[in-house]
Amino acid sequence: MTDVNLYDAPLYRAVEQYAKSNTARLHMPGHKGRTDFGWLGGVMPYDLTEIDETDNLYVSDGVIGRAQELAAKAFGAKATVFSAGGATLPIMASLLLAVKCGGKVYMDRACHISTVRAMALLDITPVWVYPERDEELGCASCMSAKALESACKEDARTVFLTSPNYYGKIADYSAIMAVAEKYGLTVIVDNSHGTHLKFDEGKKHPLEHGAHLVIDSAHKTLPVLTGGAYFHSNVFTKKQMLDAMAVFGSTSPSYPIMASLDYARAYMENEGKKRMKQARETLNELRKRLWDMDIIVSDGKNDDFFRFSMNFSSWGVTGREIYDKIYKDGVVCEMADENSVVALMPLWRDDELYSRLVNALERARPAVKAAKKVQDTLPLTRPEACMSVRQALFSEKESVAVADCEGRVAAELKAPYPPGIPVIMPGERIDGETAKILKRNFEAILVTKG
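Residues numbered from 1 in each chain as written. Predicted model: local features only at pLDDT ≥ 70, side-chain atom pairs only at ≥ 80, totals over all residues. Heavy atoms only, no water.

Peer 1: Break down the sheet that holds strand 11 (residues 335-336) for me, with residues and values.
Peer 2: Spatial strand order, 10-12-11: three strands in an open sheet with antiparallel pairing. With partners counted over all chains shown, the strands left at the sheet margins are strand 10 (307-311) and strand 11, one partner each. Pairing between strand 11 and strand 12 (residues 340-344): two bridges, direction antiparallel. When the sheet's bridge partners are listed, M335 is paired in strand 12 with V342. (Pairing = 2+ DSSP bridges. Helix = DSSP H or I, 4+ residues; strand = E, 2+ residues; numbered from the N terminus.)

Next up, the structure:
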């Protein structure tokens, strides 16, 4: 990857300059920036701590503050702060800010497990909103405005939406925001899989539709080190956001991770947009090749264009079977389920990578095809909550065989694939239909004692 003009990446440059300054490091970290620690030595000169040149995340009135201001401008937010604790940290902070301890939220049933843990820590009560089914691909879609409005009978004042989902499906933000305005809701969007959408064609990023709080897990799609995320707000100040993050986050955030967030923003503004446009042309050709192979792939017009959810029902095989075969062929995709294999395409053109995928799929294609019905994954059962998420997660627990789980109260989340949506949440009683689903997918489950 070629470097770009990074004159406007202040944190990245400050870290780089200090690493090359030959300073006598009589401060943390303990490795002192030496390079003779195996392959880690290549990173250690850039692994710094809070000193004058490098600022402090939770004060951020220097190079970090400037880098965050540039990120806010790039994404169109009133305030943006960096997280070196992945999306988990801003998810927790967003719930603390918007819902508060002991509050209630209209919660996407397809939320990440870190969201469930945050609700337990803050004793938040979820009003679950279930997604609908994508008929073409046989996977879960996103929360709809209709489903949200149907749920708006409680006294919650916040909605938490997960979009895009793992399959690249994107919510109808305009419709969601219309419902939110009607009922006076604050909208939080876990946009973990869609940071790059801000730099792509079309308005597919939630900030472009007026979302109030947005979490971008940047490392999932941008050239950012694992654990790097942006936290955006249009309703809270930078100080409020950082104070909320400080409740849950480390006081020693990683400088390489934060510097990579600064780098990625500058890269995407200067070079990334051009590369994404070039990649689009080739990815359209790749889609046509897959269609010619009788693989169902979304055209990407309303979905994440760079996330390929490939459905193999016409081949008469499961997605997991294809995943395993191409894995042995050296092609490793993001995930697989009964119907699909999900591949995350790079934001730049990579003809060799595309060819390796196509060639591996050609070798994995069965000699005799027998079309199978796309598995019906929705609707899920809707178990009744009999204790709070907090009570269940912090209760005394015991592991029981799923054959014996009916009637017990779940103390953990269980999400079979497909559809990747929890069939049971902490605090919910396992009814007969739910027990049947669990028996098909799991051997044991944690339940509350008593």
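After that view, the rundown keeps rolling.
Peer 1: Go over the packing of aromatic side chains, please, and point to the residues and values.
Peer 2: The final tally for this structure, using the stated rule, is eight aromatic pairs. Taken together, a centroid distance of 5.8 Å and an interplanar angle of 40° make the contact between Y323 and Y327 tilted. Taken together, the residues Y323 and Y327, both in helix 9 (residues 319-328) and four residues apart, mark about one turn of the helix. Through a chain of ring-to-ring contacts, the aromatic side chains of F75, F82, F199 and Y230 assemble into a single cluster. Stacked on the ring of W128, the Lys or Arg R109 has its end atom at 5.0 Å from the ring centre. (Phe/Tyr/Trp six-rings, centres within 6.5 Å; stacked < 30°, edge-to-face > 60°. Lys NZ or Arg CZ within 6 Å of the ring centre and 35° of its normal.)

Peer 1: Describe helix 8 (residues 255-292), listing the residues and the values that go with them.
Peer 2: Spanning 38 residues, helix 8 covers only 46 Å between terminal C-alpha atoms, well under the ideal 56 Å at 1.5 Å per step. Of all the bends found along helix 8, the most pronounced is centred on E271 and spans about 60°. Positioned one or two residues after helix 8, D294 has a phi angle of 65°, which is positive. (Expected span 1.5 Å × (residues − 1). Bend = angle between axes of the 7 residues up to and from the residue.)

Peer 1: Please give an account of a nonpolar patch on the surface that cites residues and values.
Peer 2: Taken together, the side chains of F37, W39 and L40 define a hydrophobic patch exposed on the protein surface, amounting to about 380 Å² of accessible area. As for its position among the elements, W39 is in the loop between helix 1 (10-19) and helix 2 (63-75). By relative accessible area, W39 is classed as exposed at 74%. (Patch = residues over 30% accessible without salt bridge, like charges linked within 9 Å, V, L, I, M, F, W, Y side chains within 5 Å. Areas by Shrake-Rupley, 256 points an atom, 1.4 Å probe, with all protein chains shown as cover. Salt bridge = Lys/Arg side-chain N within 4 Å of Asp/Glu carboxyl O. Buried < 20%, exposed > 50% of the residue type's maximum accessible area, 1.4 Å probe, protein only.)

Peer 1: Which residues make up unusual backbone geometry, and what are the values?
Peer 2: With an omega dihedral of 0°, the bond running from M28 to P29 counts as a cis peptide bond. One can find P29 in the loop between helix 1 and helix 2. Of note, the amide linkage connecting S163 to P164 takes the cis form, showing an omega dihedral of 0°. Unlike most non-glycine residues, D123 shows phi in positive territory, near 55°. By the secondary structure assignment, D123 is in the loop between helix 4 (113-122) and strand 3 (125-129). Of note, the phi angle at D294 is positive, near 65°, even though the residue is not glycine. Within the secondary structure layout, D294 lies in the loop between helix 8 and strand 10. A relative accessible area of 36% places D294 in the partly exposed class.

Peer 1: Describe the pattern of salt bridges, and please don't skip the residues or the numbers.
Peer 2: Taken as a whole and judged by the stated rule, the model has 25 salt bridges. Note that R265 is salt-bridged to D8, the shortest N-O span being 3.4 Å. With R265 in helix 8 and D8 in the segment before helix 1, this residue pair connects regions lying 257 residues apart in the sequence. In this pair, the class of R265 matches that of D8, namely buried. Across the salt bridge formed by D36 and R34, the nearest N and O atoms sit 2.6 Å from each other. Each member of the salt-bridge network shares a partner with another, and the members are D8, D262, R265 and E269.

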